[in-house]
Amino acid sequence: MQSEIPYHLENYIGGNFIGPLSGNFIDNVNPATGKVYGQIPDSDRKDIEVAVIAANRAFENWRSMGAEQRFIILNRIASLIDEHANLFAHAETNDNGKPLWLSKKVDIYRAAANFRFFATACMQFASESHAMPNGINYTLRQPIGIVGCISPWNLPLYLFTWKIAPALAAGNCVIAKPSEVTPITAFLLGKICKEAGLPDGVLNIVHGTGSVCGEAIVKHPSIKAISFTGSTRAGERIASIAAPLFKKLSLELGGKNPNLIFADCDWEKMIKTTIQSSFSNQGQICLCGSRIIIEESIYEKFKIEFIDRVSRLRIGDPLEPETKQGAIVSKAHYNKIINCIETAKQEGGRVLFGGKAFHPEGRCKEGFFIEPTIIEGIGPESKTNLEEIFGPVVTLQTFKTKEEAINLANASSYGLSATIWTNHISIAHEVANQLECGIVWINCWLKRDLRTAFGGIKNSGVGREGGWEAMRFFTEPKNICIRY
Ligand code: NAD
């Protein structure tokens, strides 16, 4: 694979790398330096139309190819991502602002793992049969056809492939759009698919904005299913367009996850992991715990130690190996987070640590950095505790009883994930049972098994990804009944 990343990225359509039909491009900014360092296609309806024609042409061949053949190609894509992990990791860090070590360890490693996992899934995928006294039903699981995959900027390649890999494994052709804020690893993925021998038109990667390019995917009548990860606001818009067109929808949306800390927890493990669950990727992981809810008896001890350890997190150039906190993904998102901190102060919040922009020396002096921020003194009804900030900002609240802890945790319109810290086995299970969310971690965080159902309830989304859930989403069941 050619390792050069061109200044002007191109769409990957029908196996070719081509510019947008309109000839228009959007600037791509490196958030750590604040400088424009490339341009991406500002694609529109016409580019999506060309991609749909290419996907239509490819579909019959791809769907009828045996699972073993698909397995070989998807596995090859995984190996090529691994082979070029350094190039991918640098591209991810330059686009997103996250520390390079994190790109390598999490984003790129897991992107390859997604392809490897779903390569094997298509070899194992089977359907049900239901016997009756005088006959039998069997259910075919057939690919949907052409599907749309739209992903966000926070884990760019990782979440992009989390959708594309199962869609392809199930025999669909895909029109995929990465976030316009972090396009480069998606561009590189096109190069790798070409090299891996993925037939032309099976995967088409089109760059552009959400409101134009994204909506063109959602509106296209030949695209029968949409798998979307992003904000609740965009999810609502997509649902309103797709519902009257009767499209299959998977929506993975925002979160405001609680982190419940009971006094009897394993202290060292809890505090170390809570720092990660609060500030990894600058708090820009949908599964980060942004509301820390602590048993009153250990509140002061927690506060002192948490502030002390957070104050030692090194902020700065994401390319430096010691950096723990990189840049915020864009100037617009940086402004939003700074405004949220101001709102918290107006609501009576006391900033215990951070709360300000950070200005590193040297190459990153114009970058978008914010100190990890800890706020106390605001209750569950505050805007700060109700609305998603999606940045390095956490609030601290206290509880006296288990019931109070559950009520505080559930006082949210979101329901993605939660974390519980306790060594009391029955409290852990009881609380997990009563939390209103799709994913609960007990005494850990972000431990992932790709076979498990992934997704949220309430305003955090509809449907589940992962394992067989994803394979079922990307196929249509057809029941066939035979009378003996
Ligand atoms: P976003 O909603 O602004 O954009 C996500 C993607 O959707 C981008 O590719 C964007 O171009 C596209 N898009 C935007 N509007 C669209 C529209 N009207 N039609 C079609 N496509 C459209 O989200 P973001 O700012 O990129 O990402 C951050 C958000 O993603 C946060 O809210 C975060 O919680 C959420 N997220 C959720 C999960 C999850 O698994 N639940 C995972 C990661 C991120």
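About the cut-offs
- Counting from 1, residues in each chain are numbered in the order their sequence is written.
- Residue-level local features of this predicted model are given only where pLDDT is at least 70; pairs of side-chain atoms are given and counted only at 80 or more, and the full residue set underlies all totals for whole chains, interfaces and linings.
- Excluded from the side-chain calculations are hydrogens and water; all other atoms, namely the structure's heavy atoms, are used.
- Only DSSP runs of H or I covering at least 4 residues are called helices, and only runs of E covering at least 2 are called strands; the numbering of each starts at the N terminus.
- Each radius of gyration reported is based on C-alpha atoms, and the globular scaling rule is 2.2 Å times the count of residues to the power 0.38.
- Think of it in three bands: with a 1.4 Å probe and only protein chains considered, a residue is buried below 20% of the maximum accessible area for its type, exposed above 50%, and partly exposed in between.
- Every residue pair with non-hydrogen atoms within 4.5 Å of one another is taken to be in contact.
- When charges are tallied, Lys and Arg are placed among the positive residues and Asp and Glu among the negative ones, while His and the ends of the chain are skipped.
- Charged groups are reduced to one reference atom each: NZ for lysine, CZ for arginine, CG for aspartic acid, CD for glutamic acid.
- Consider each residue's heavy atoms; a residue with any of them within 4 Å of a molecule or strand counts as near.
- Two N or O atoms count as a polar contact when they lie within 3.5 Å, although within protein this holds only if one can serve as hydrogen donor and the other as acceptor, and sequence-adjacent residues are included solely when both atoms are side-chain atoms.
- Only Asp, Glu, Lys and Arg are considered charged in this grouping, and only Ala, Val, Leu, Ile, Met, Phe, Trp, Tyr, Cys and Pro are considered nonpolar; every other residue, Gly among them, is considered polar.
- Domain ranges listed in this record stem from an automatic or a database domain assignment.
- Lines fitted to C-alpha atoms define the axes here, with helix axes fitted over just the stretch in contact, and angles between the N-to-C directions of these axes take values from 0 to 180 degrees.
- Any angle between 65 and 115 degrees counts as roughly perpendicular, while under 35 counts as roughly parallel, over 145 as roughly antiparallel, and the rest as oblique.
- Crossing handedness is defined as follows: a turn of the near helix away from the far one that is anticlockwise and smaller than a right angle gives a left-handed crossing, while the clockwise case is right-handed.
- Throughout, buried area stands for the accessible area (probe radius 1.4 Å) lost by two parts on being put together, summed over both.
- Here, a salt bridge means any side-chain nitrogen of Lys or Arg that lies within 4 Å of a carboxyl oxygen of Asp or Glu.
- Only Phe, Tyr and Trp rings are paired, with Trp represented by its six-membered ring, and only when their centres lie within 6.5 Å; those with planes under 30 degrees apart are stacked, over 60 edge-to-face, the remainder tilted.
- In this analysis the charged atom, NZ for Lys or CZ for Arg, is taken to sit over a ring once it is within 6 Å of the ring centre and within 35 degrees of the ring normal.
- For this analysis, a nonpolar core means a set of buried residues of the types Ala, Val, Leu, Ile, Met, Phe, Trp, Tyr and Cys, connected via side-chain atoms within 4.5 Å.
- One bridge is not enough; two strands pair if DSSP finds at least two bridges between them.

**Some thoughts on the overall build of the chain**
And then number 1: When its secondary structure is counted, the chain shows 15 helices and 24 strands.
And then number 2: The C-alpha radius of gyration of the chain comes to 23 Å, within 12% of the 23 Å expected for a compact globule of 484 residues.
And then number 3: Counting across all 484 residues of the chain, residues that qualify as buried make up 58%.
And then number 4: Partitioning the intrachain contacts of the chain with sequence separation of at least 6 by distance along the chain shows that 75% fall at a separation of at least 24.
And then number 5: Separation between the mean location of the 51 positive side-chain charges and that of the 49 negative ones in the chain comes to 4 Å.

**A look at the site of the ligand**
And then number 1: The ligand sits among 31 residues. The nearest are Trp153, Glu180, Ser231, Leu253 and Glu388.
And then number 2: In this structure, an oxygen atom belonging to the ligand sits 2.6 Å away from a side-chain N or O atom of Ser231.
And then number 3: Within the side chain of Glu388, a nitrogen or oxygen atom sits 2.6 Å from an oxygen atom of the ligand.
And then number 4: Of all the secondary structure elements, the ones that give two or more residues to the shell around the ligand are helix H7 (210-219), strand S10 (223-229) and helix H8 (232-242).
And then number 5: The element that contributes the greatest number of residues to the shell around the ligand is H8, accounting for 4 residues.
And then number 6: Split by residue class, the shell around the ligand holds 13 nonpolar, 11 polar and 7 charged.
And then number 7: Mapping the shell around the ligand onto the domain boundaries places at least three of its residues in each of domain 1 (11-253 + 460-483) and domain 2 (258-451).

**Regarding the packing of helix H5 (residues 156-169) against helix H6 (residues 184-196)**
And then number 1: Running from N to C, H5 and H6 cross one another at 50°; their axes reach a closest spacing of 8 Å. Taken together, the axes of H5 and H6 lie oblique to each other. For the pair H5 and H6, the sense of crossing is right-handed. For the pair formed by H5 and H6, the contact residues are Pro156, Leu157, Phe160, Thr161 and Ile164 on the first element and Thr185, Ala186 and Leu189 on the second.

**Describing the domain arrangement of the chain**
And then number 1: Assigned domains within the chain: domain 1 (11-253 + 460-483) and domain 2 (258-451).
And then number 2: With 35 residues of domain 1 in contact, the opposing surface of domain 2 contributes 31 residues.
And then number 3: Contact with domain 2 buries surface across domain 1, with Ala32, Trp153 and Ser460 losing the most and accounting together for 20% of the total.
And then number 4: There are 0 salt bridges connecting domain 1 and domain 2.
And then number 5: Taken together, domain 1 and domain 2 are joined by 9 residue pairs in polar contact (both at pLDDT 80 or more).
And then number 6: Only strand S3 (25-30), helix H3 (85-96), helix H4 (100-124) and H5 provide two or more residues apiece to the side of domain 1 that touches domain 2.
And then number 7: Looking at the side of domain 1 that touches domain 2, the element that brings in the most residues is H4, giving 7 residues.
And then number 8: By residue class, the composition of the side of domain 1 that touches domain 2 is 15 nonpolar, 15 polar and 5 charged.

**A word on the pattern of salt bridges**
And then number 1: Considering all chains together, one arrives at 22 salt bridges under this definition.
And then number 2: Measuring nitrogen to oxygen at the nearest pair gives 3.3 Å for the salt bridge that ties Lys177 to Glu180.
And then number 3: Residue classification places Glu180 among the partly exposed residues on the basis of a relative accessible area of 26%.
And then number 4: Residue Glu268 pairs with Arg309 through a salt bridge whose shortest N-O separation is 2.6 Å. Separated by 41 residues along the polypeptide, Glu268 in helix H9 (residues 267-279) and Arg309 in helix H10 (residues 299-310) bring together distant segments of the chain.
And then number 5: Since its relative accessible area comes to 19%, Arg309 is described here as buried.
And then number 6: Where salt bridges share partners, they join Glu300, Lys303, Arg350 and Glu376 into one cluster.

**A word on the packing of aromatic side chains**
And then number 1: Following the criterion strictly, the structure yields 13 aromatic pairs and no others.
And then number 2: With a centroid separation of 5.0 Å and an interplanar angle of 65°, the aromatic rings of Phe262 and Phe399 are classed as edge-to-face. Of this pair, Phe262 sits in the loop between strand S12 (257-261) and H9 while Phe399 sits in strand S18 (residues 393-399), and the two are 137 residues apart along the sequence. Residues Phe262 and Phe399 agree in their burial class; the two are buried.
And then number 3: Taking the centre distance of 6.2 Å and the plane angle of 50° together, the rings of Tyr334 and Phe368 count as tilted. With Tyr334 in helix H11 (residues 331-346) and Phe368 in the loop between strand S15 (357-358) and strand S16 (369-370), the pair connects residues that are 34 residues apart, well separated along the chain.
And then number 4: Aromatic ring contacts, followed pair by pair, group Phe117, Phe118, Trp162 and Phe454 into a single cluster.
And then number 5: Of note, Arg70 hangs over the ring of Trp62, and the distance from its end group to the ring centre comes to 5.9 Å.

**Some thoughts on the nonpolar core**
And then number 1: Formed by 102 residues in total, the largest nonpolar core has its most connected members in Ile77, Phe115, Ile164, Ile175, Leu189 and Leu287.
And then number 2: For Ile164, the contacting residues outside a window of four places in its chain are Phe115, Cys149, Val174, Ala176, Leu189 and Leu203.
And then number 3: With 19 residues, the next largest nonpolar core counts Met270, Ile292, Ile298 and Leu313 among its residues.

**Regarding the sheet that holds S18**
And then number 1: Here we have 7 strands laid out as an open sheet, ordered S14-S17-S18-S13-S12-S20-S21, and mixed in their pairing. Because the sheet does not close on itself, it has two edges, and the strands there are strand S14 (350-353) and strand S21 (439-442). Ignoring strand direction, the axes of neighbouring strands in this sheet form an average angle of 25°.
And then number 2: Pairing geometry for S12 and strand S20 (residues 417-421), over 3 bridges, is parallel. When the sheet's bridge partners are listed, Ile261 is paired in S20 with Trp421.
And then number 3: In the packing of H10 onto the sheet, contacts are made with S12, strand S13 (289-295), S14, strand S17 (373-376) and S18, and the angle to S18 comes to roughly 165°.

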